[in-house]
Amino acid sequence: MLNSYLLYTQKLEGEYKESFEKIDMYVGARQIRDHIKEEMMSNLLDIFLSAQEEGVPVQKITGKNIEAFCKEFCVGYGFKESLMNSLEHVKVWVYLAFFTSVLDMIIMLVDFFGGTVDNLLTYRSEMDLPVYCMYILALCFCDVLTGYVVRKVMFRCGKLMRKGLNLCRFAVALLLLVIFILYSNRVAGILLPTWISFLVSGGLTILCVMATKDVRKKAAENQISFKEYCKMQGTK
Amino acid sequence: MDESQLLRGVLEGCILGIIFKGETYGYEILGKLEAAGFVNLLEGTLYPVLMRLEKKKLISYRKEKSPYGPIRKYYSVTAEGEQYYKAFEESYRRITEAAEKILEEE
């Protein structure tokens, strides 16, 4: 299993724990890809634990302005990184959309060679694939937007409110899904042809594979055995 | 006076210099910088510098589980990093000698 930094955060106490949680939330809202975040936070946690062990005040590590620290810590990870991260999180939906579009294309070709379809360019199947693709793109956009809002607001509100912000992000995504499901028939009236759905879902699939390439490699490197994990839990 | 401009100019070279002296990791680098007199240097500033050095292939790293559990990166200088550091040392000495001459004259 993954030797994630999250397994060790319980070792932090007091101001170290509070500061680390704020930074963790900021980096999460910054929408940096998981494997990069894992590396950054693991490094930082090690520094925090070392400082805690030696009794060094946490402000020696972060300074007085933790928001400024977070911005400096995440420098170099801009919009491109946020987009790659969003793609990583919606990859299951993208792969599903591409799979259904391939089935759709097969059905289209069977119908075409069967003589029931005249024009491949205007053919549209019964499946609401264009709606799914639109939902995926909307989800990526919302993910980036809500992350931006969380980052701006989180240092100006209390602990409970900060926990609530992440719930709000999830609620927005869920609401979007419900709206799309409820209105999918109406939206599907756009009648996008099958070949466009195939190209869009295919393009998104390629982007997702590219975005997740490093994730698979890093995840394979950073593993601990289940036995080691149990041993660690036992000595908490 | 805002020291950040001066700091940015030398920080990369100094961090490379610390790593050049022996394999080391983040907290140790911070400690050595502070001991040398780089006060108020934050880990938030250290991390982007280390990233830049990695991207330029001046340093490499190996990962190992730290005594506290999380994965720790141990940095060491590459062959290009060694050359870059020696060039930095020479440039820095030349510039500080010239600056000292001017400041002493005042």
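Please refer to the structure placed before this passage.
Residues numbered from 1 in each chain as written. Chains lettered and ligands numbered in written order. Predicted model: local features only at pLDDT ≥ 70, side-chain atom pairs only at ≥ 80, totals over all residues. Heavy atoms only, no water.

Visitor: Talk me through the interface of chain B and chain A; I want residue IDs and the actual numbers.
Guide: Contact residues are listed per partner, giving 25 residues for chain B and 30 residues for chain A. Here chain B meets chain A over a buried area of about 2,400 Å², counting both sides, of which 53% is carbon and sulfur. Where chain B meets chain A, there are four salt bridges. A salt bridge links K73(B) to E39(A); the shortest N-O distance between them is 2.8 Å. Counting across the interface, chain B meets chain A through nine residue pairs in polar contact (both at pLDDT 80 or more). Contributing elements (two or more residues each) for the side of chain B that touches chain A: α2 (26-36), α3 (43-55), β1 (59-65) and β2 (71-77) of chain B. The greatest single-element share of the side of chain B that touches chain A, amounting to six residues, is contributed by α3(B). Considered class by class, the residues forming the side of chain B that touches chain A number 13 nonpolar, five polar and seven charged. (Contact = heavy atoms within 4.5 Å. Buried area = accessible area lost by both parts, 1.4 Å probe. Salt bridge = Lys/Arg side-chain N within 4 Å of Asp/Glu carboxyl O. Polar contact = N/O pair within 3.5 Å; in protein donor to acceptor, adjacent residues only side chain to side chain. Helix = DSSP H or I, 4+ residues; strand = E, 2+ residues; numbered from the N terminus. Nonpolar A, V, L, I, M, F, W, Y, C, P; charged D, E, K, R; others polar.)

Visitor: How would you summarise a negative patch on the surface if you had to cite specific residues and measurements?
Guide: Taken together, the side chains of E97(B), E100(B), E104(B) and E105(B) make up a negatively charged region of the molecular surface. Look at E104(B) and you get exposed, because its relative accessible area is 65%. (Patch = residues over 30% accessible without salt bridge, like charges linked within 9 Å, V, L, I, M, F, W, Y side chains within 5 Å. Areas by Shrake-Rupley, 256 points an atom, 1.4 Å probe, with all protein chains shown as cover. Lys, Arg positive; Asp, Glu negative; His and termini not counted. Charge placed at Lys NZ, Arg CZ, Asp CG, Glu CD. Buried < 20%, exposed > 50% of the residue type's maximum accessible area, 1.4 Å probe, protein only.)

Visitor: Go over a nonpolar patch on the surface with me, naming the residues and quoting the values.
Guide: Residues and elements named next belong to chain A. On the surface, V92, W93, L96, F99, L103, I106 and V110 cluster together into a nonpolar patch covering about 700 Å² of accessible area. Inspection of the secondary structure puts L96 in helix α6 (residues 91-113). The class for L96 is partly exposed, based on a relative accessible area of 48%.

Visitor: Describe helix α2 (residues 34-54) of chain A, with residues and values.
Guide: For α2(A), built from 21 residues, the straight-helix expectation of 30 Å at 1.5 Å per residue is met to within 8% by its first-to-last C-alpha distance of 30 Å. Following α2(A) by one or two positions, G55(A) has its phi on the positive side, about 75 degrees. (Expected span 1.5 Å × (residues − 1).)

Visitor: Describe the side chain of S66(B), with residues and values.
Guide: Assignment of secondary structure puts S66(B) in the loop between β1 and β2. The contacts of S66(B), once residues within four sequence positions are left out, are D46(A) and R72(B).

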